[in-house]
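Inside the fold
Next come the chains, spelled out residue by residue.
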Amino acid sequence: MNATTTIPWRKYLELCKPRVVWLIVFTAVVGMFLAVPGWPPLSALLAGTIGIGLSASAAAAINHLLDQRIDAIMARTRDRPLPTGQLTVNNVLIFALILAALSMFILVTWVNVLTAVLTFLSLIGYAILYTVWLKRATPQNIVIGGAAGAAPPLLGWTAVTGSADPHALLLFLIIFVWTPPHFWALAIYRRADYAAVDIPMLPVTHGLPFTRLQILFYTILLIIVTTLPYLTHMSGLLYLAGATVLNAGFLWYALRMLRSQDRQLPLRAFGYSVTYLMMLFVFLLADHYFMMLTRTYAGPGSL
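Since we're looking at a predicted model, the values are computed, not measured. Along each chain, numbering runs from 1 in the same order as the chain's sequence is written. pLDDT decides what is reported in this predicted model: residues at 70 or higher carry local features, side-chain atom pairs at 80 or more are listed and counted, and totals for whole chains, interfaces and linings draw on all residues regardless. Side-chain measures here rest on the full set of heavy atoms in the structure, leaving out hydrogens and waters.

Let's shift gears to the environment of G236. Position of G236 among the secondary structure elements: in the loop between α14 (228-231) and α15 (237-259). Taking the C-alpha atoms as reference points, G236 and F290, 54 residues apart in sequence, are found 8.8 Å from one another. Note on contacts: a residue pair is in contact if any heavy atoms of the two residues lie within 4.5 Å. Apart from the residues lying within four places of it in its own chain, the contact partners of G236 are Y230, D287 and M291. Secondary structure is summarised from DSSP: a helix means a run of H or I of at least four residues, a strand means a run of E of at least two, and numbering begins at the N terminus for each.

Here we come to the side chain of S55. With respect to the secondary-structure elements, S55 resides in helix α4 (residues 42-66). The exposure class of S55 is buried, given its relative accessible area of 3%. Beyond its immediate sequence surroundings of up to four residues, S55 is in contact with S103, M104, T119 and L123. Accessible area is worked out with a 1.4 Å probe on protein chains only. A residue is then buried under 20% of its type maximum, exposed over 50%, and partly exposed in between.

On to the packing of helix α3 (residues 18-34) against helix α9 (residues 152-161), then. For the pair α3 and α9, the least separation of the axes is 7 Å and the interaxial angle reads 40°. Overall, the two elements α3 and α9 adopt an arrangement that is oblique. Here α3 runs over α9; the crossing is right-handed. When α3 is examined against α9, the residues I24, T27, A28, G31, M32 and L34 are found in contact with a partner set consisting of P152, P153, G156, W157, A159 and V160. Grouping the amino acids of the contact of α3 with α9 by side-chain chemistry returns nine nonpolar, three polar and no charged. Geometry is summarised by axes, namely lines fitted to C-alpha atoms with helices restricted to the contacting stretch, and by angles between N-to-C directions that run from 0 to 180 degrees. Angle categories are assigned with fixed cut-offs, so that under 35 degrees is roughly parallel, over 145 is roughly antiparallel, 65 to 115 is roughly perpendicular, and the rest are oblique. Here a crossing is taken to be left-handed if its near helix is turned anticlockwise relative to the far helix by less than a right angle, and right-handed if that turn runs clockwise. Under the convention adopted here, Pro, Cys and the residues Ala, Val, Leu, Ile, Met, Phe, Trp and Tyr are nonpolar, Asp, Glu, Lys and Arg are charged, and Gly plus all remaining residues are polar.

So, on to the pattern of salt bridges. Here a salt bridge means any side-chain nitrogen of Lys or Arg lying within 4 Å of a carboxyl oxygen belonging to Asp or Glu. With the rule as written, the count across this model stands at four salt bridges. Its salt-bridge partner being K135, residue D67 comes within 2.6 Å of it at the nearest N-O pair. Of this pair, D67 sits in the loop between α4 and α5 (68-71) while K135 sits in helix α7 (residues 113-137), and the two are 68 residues apart along the sequence. By the burial criterion, D67 is buried, and K135 matches it. The shortest N-O distance in the salt bridge between R268 and D262 comes to 2.6 Å. Judged by relative accessible area, R268 falls into the partly exposed class, the value being 37%. Each of D67, K135 and R136 takes part in salt bridges that share partners, so that together they form one network.

With that settled, the discussion passes to the packing of aromatic side chains. When two rings of Phe, Tyr or Trp (its six-membered ring) have centres within 6.5 Å they constitute a pair, described as stacked for plane angles under 30 degrees, edge-to-face for angles over 60, and tilted for the intermediate range. The tally for this structure, following the rule as stated, stands at 15 aromatic pairs. With a centroid separation of 6.1 Å and 10° between ring planes, the pair formed by F172 and F176 is classed as stacked. Placement of the pair is F172 and F176 together in helix α10 (residues 166-189), with a separation of four residues, close to one helical turn. For the pair F183 and Y194, a centre-to-centre distance of 6.5 Å together with 50° between the ring planes defines the contact as tilted. Of this pair, F183 sits in helix α10 while Y194 is found in helix α11 (residues 191-196), placing the two residues 11 residues apart along the sequence.

Here we come to the nonpolar core. Counting 88 residues, the largest nonpolar core has W178, Y276 and F281 as the members making the most contacts within it. Examining the composition of this core, we find that 13 residues originate from one element, α10, more than from any other. With sequence-adjacent residues up to four places away left out, W178 is seen in contact with L23, L222, F250, S273, V274, Y276 and L277. Residues enter a nonpolar core if they are buried and are Ala, Val, Leu, Ile, Met, Phe, Trp, Tyr or Cys, with the set joined through side-chain atoms within 4.5 Å.

The element α9 is largely enclosed, with a buried count of nine among its 10 residues. By the burial criterion, the buried members of α9 are P152, P153, L154, L155, G156, W157, T158, A159 and V160. G162 occupies a position one or two residues after α9 and carries a positive phi of about 80°.

This paragraph deals with α10. Counting along an α-helix, one turn takes 3.6 residues, and residues three or four places apart therefore face a common direction. With 24 residues, α10 should reach 34 Å at 1.5 Å per residue; the first-to-last C-alpha distance of 36 Å fits that figure. In terms of burial, α10 is largely enclosed, as 17 of its 24 residues are buried. Whenever a nitrogen or oxygen atom comes within 3.5 Å of another N or O atom, the pair is scored as a polar contact, on the condition that within protein one atom can donate a hydrogen and the other can accept it, and that pairs from neighbouring residues in sequence are kept only if both atoms are in side chains. Where α10 begins, the side chain of D165 points an oxygen toward the backbone nitrogen of H167, at a separation of 2.7 Å. Expected span of a helix: the number of residues minus one, times 1.5 Å.

So, about the packing of α7 against α9. Put simply, α7 and α9 touch, their axes get as near as 8 Å, and they point 165° apart. Put simply, α7 runs roughly antiparallel to α9. Crossing angle aside, the handedness with which α7 passes α9 is left-handed. Taking contact as the criterion, the partners of L114, T115, L118 and T119 in α7 are, on α9, L155, T158 and A159. In terms of residue class, the contact of α7 with α9 is made up of four nonpolar, three polar and no charged.

Structure, rendered in structure tokens:
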């Protein structure tokens, strides 16, 4: 019997882009913990995590649906379920709509309307505005479209507080600035793929030297932005130390790409950028509770 018919759930799971969704959910959960001095309400934590995760999965499935033509041409995507015929357009559309509907129901019912609205806007921003229009309209597609991908920690924050705080917007800003150097490194590595399907990614339209300079520029901007949690007293020295080490690694990759012709280096830089974001949020979370413990042991009279 065909493996596709015996375990179709694997193909549906592939539609959800689980590695991408895991990072989205992780940053959203960290946003939930950073929003409160102690433990976030369990109902908001669980329902918010599930709702945001389902919405991100729905957006990923819609992305598969709308990109099926170019996915069939590009080397890294031609084995996806739609180009190979393992799933049909109706399969994917129904699956995506069910996930989106469940997400909105959970967020409205057990979280709050603000989080549901922001999550829905994020879904539309990525699945429709970016995939259908921005991706094909401008080399700045990933810069403008990055707003949708930067939303998860803000969504996590609003899930437990019901409001958007300046610190939540700072978390949004970090991911927003991180997105261009993260994705352009992959775009350099996959430049031929994007050229073959007429997607105006920066390496295709402006060449590799210009893209490498832009990666360096955004890396420097990222270093500045990631010091803001410390400068605004959102985080302390533990976070600053971790962010400094991570930023040194990111800058090293950006500078090396300026001079090196190693074709694998952009791919390694891309991989580092994923680890970078995950560890940056780990340091934010660790520092948050370290500062809480410090204040607790310092006594009620401490500042």
